[in-house]
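Secondary and tertiary structure notes
Letter by letter, the chains look like this.
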Amino acid sequence: MNRHIGRADTHIHTFHGKHGDSYLSPEHVAEIYRQMNLRMLDKRRRLARHVIAITDHDTLEGALRILEYVYRQSMSEQEIYPKIVTGEEVTSLEGHIIGLYLKQHVPDKMSASETIAAIKEQGGLAVAPHPFTLLVLPFVGFGGEGMHYKGVGRKIFTLPFDAVEVINAPYTQTVANYWTKFLLAGYSVWHGKKPFAVLGASDLHFPVGATAYTKFRGTSPEDLYRAISSRKTKARGRAYGIPTLITGYEQCLSMYPSLVERCAEKKLPGLKSWDEMVPSNILNAIQYISETRGHPRRYLHQHVAYAARISTMLLGL
Ligand SMILES: [Zn+2]
Ligand SMILES: [Zn+2]
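Predicted, not measured: the structure shown is a model, and the values here were computed from it.

Focus: the nonpolar core
Nonpolar side chains tend to gather and get buried jointly when the protein is soluble and globular. Core analysis: the biggest nonpolar cluster contains 63 residues, and V127, F161, A163, V164 and L199 have the highest contact counts within it. The leading source of residues in this core is helix α1 (residues 26-41), at five residues.

Brief notes about the pairing of strand β2 (residues 51-57)
Within β2, seven of the seven residues are buried, leaving the element largely enclosed by the surrounding structure. The alternating pattern of β2 places V51, A53, T55 and H57 on one face and I52, I54 and D56 on the opposite face, and all of these are buried. Pairing analysis gives three bridges linking strand β1 (residues 5-12) to β2, with the strands arranged parallel. Considered in β2, the bridge of D9 is made with I52. Taken together, the seven bridges between β2 and strand β3 (residues 83-92) define a ladder with parallel strand orientation. Within β3, the residue paired with T55 across the bridge is G87.

Things to note about unusual backbone geometry
Among all residues except glycine, the phi angle is most often negative; among peptide bonds, the trans geometry is most common. Despite not being glycine, K109 shows a phi value in the positive range, around 55°. Tracing the chain through its elements places K109 in the loop between β4 (95-100) and α4 (112-121). Among the residues examined, K109 registers 11 C-beta atoms within 10 Å and is labelled exposed. Despite not being glycine, H130 has its phi angle at roughly 25°, a positive value. Along the polypeptide, H130 turns up in the loop between β5 (125-128) and α5 (137-140).

Section: the sheet that holds strand β6 (residues 163-168)
If you walk across this open sheet you meet the nine strands as β7-β6-β5-β4-β3-β2-β1-β8-β9, and the pairing is mixed. A strand with exactly one partner marks an edge of an open sheet, and here the two such strands are β7 (197-201) and β9 (234-237). Averaged over neighbouring strand pairs, the angle between their axes works out to 30° when direction is ignored. Where α4 meets the sheet, its contacts fall on β3, β4 and β5, and the angle it forms with β4 comes to roughly 10°.

Notes on the confidence of the model for the chain
Looking at the chain as a whole, its pLDDT mean stands at 83, while 74% of the residues score no less than 70. Contacts of residues 136-148 to residues separated by more than four positions or lying in other chains number 21 contacts, the stretch itself having pLDDT below 50.

Considering α4
Three or more residues of α4 are buried, namely A112, T115, I116, A118 and I119. Across the axial projection of α4, the buried residues extend over an arc of 160°, all falling on one side. If you follow the buried residues of α4, they end up packed against β3, β4 and β5. Following α4 by one or two positions, G123 adopts a phi angle in the positive range, close to 80°.

A look at the pairing of β1
Burial runs high along β1: seven of the eight residues are buried. With four bridges connecting them, β1 and strand β8 (residues 212-217) associate as antiparallel partners. Residue pairing for β8: A8 is matched across the bridge by T214.

Reading the values: rules and limits
- Within any chain, residue numbers begin from 1 and follow the written order of that chain's sequence.
- Throughout, the order in which chains and ligands are written sets their labels, letters from A for the former and numbers from 1 for the latter.
- Confidence filtering applies because this is a predicted model: local features only for residues at pLDDT of at least 70, side-chain atom pairs given and counted only at 80 or more, and all residues used for totals across whole chains, interfaces and linings.
- Nonpolar cores are identified as sets of buried Ala, Val, Leu, Ile, Met, Phe, Trp, Tyr and Cys residues joined via C-beta atoms within 7 Å.
- Any residue surrounded by 20 or more other C-beta atoms within 10 Å of its C-beta is treated as buried, while 12 or fewer makes it exposed and the intermediate range makes it partly exposed; C-beta atoms here are placed from the backbone.
- Think of it this way: any DSSP run of H or I at least four residues long counts as a helix, any run of E at least two long counts as a strand, and we number them from the N terminus.
- In this scheme, strands are said to pair when DSSP sees at least two bridges between them.
- In this description, a line fitted to the C-alpha atoms serves as the axis of each element, helices being fitted only across the stretch in contact, and the angle between N-to-C directions of two axes falls anywhere from 0 to 180 degrees.
- Note on contacts: residues are paired as contacts if their backbone-placed C-beta atoms lie within 7 Å.
- Values of pLDDT, the confidence the predictor places in each residue, fall between 0 and 100.
- The reported arc concerns the directions from the helix axis to the C-beta atoms and nothing else.

As structure tokens, then:
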């Protein structure tokens, strides 16, 4: 019996995704998690990730690239990187569905049950990410055209999912996460059984915010597969807040020109324009924080006013 308890992050995006909504190259993702694992060596074990899954929108490309990148490192270095699971976040007609342990691309725009069947046919695991995401999104101005953030909602209880994300880390998901846990607790009490494994995942799109993870027995991808199949996982961590969001966008702002160049060079779907990617209220926040940084006292009243503005924005007032 494996005594080690591992941590996994099963929902990460690179800029190979079809909606062009991640700022991270596969190499950058690998380095982010390598850094977390290095810090683990300093005994901050909470930060370690033994297994990560790359789940770009409607393509396996990013997952394959990161595998190749880690494989090119020396053997001793490879030990520090997390083990990689190849996956995809598939846009089904009824919302996003993640396939983990995929060998082949799963087509988009199929029904949810067809998508799940296509994932399982190749031995993959079907996961419902952020199932109730739209609970909050109308208030914060996302969603809209394409509904890139759509979840499958209550179908988590009727379709044969192997796992469901009960913690999805982006700041917009706090309420939706609680709603998923609440419904799941009700279902489990009523039916006397757990319908699927539970996962915590970062849905990482920029360099910070890997604040949610899944605990499982063992440390390898095979151990994680077994833990999910037998519904013996634990979702841990939390959704991150506005300060993390702003730090993330600040870092992206400095990376952005070189990323655009790189995407054009590689003929990738590319990144959308900065204005389109970042809601104007966040842009204002970045500008504001850059201006006031280093003068915390002088700008205290403005910090308070700003916090109030963001709170009202989040509440949809
Ligand atoms: Zn999604
Ligand atoms: Zn995602």
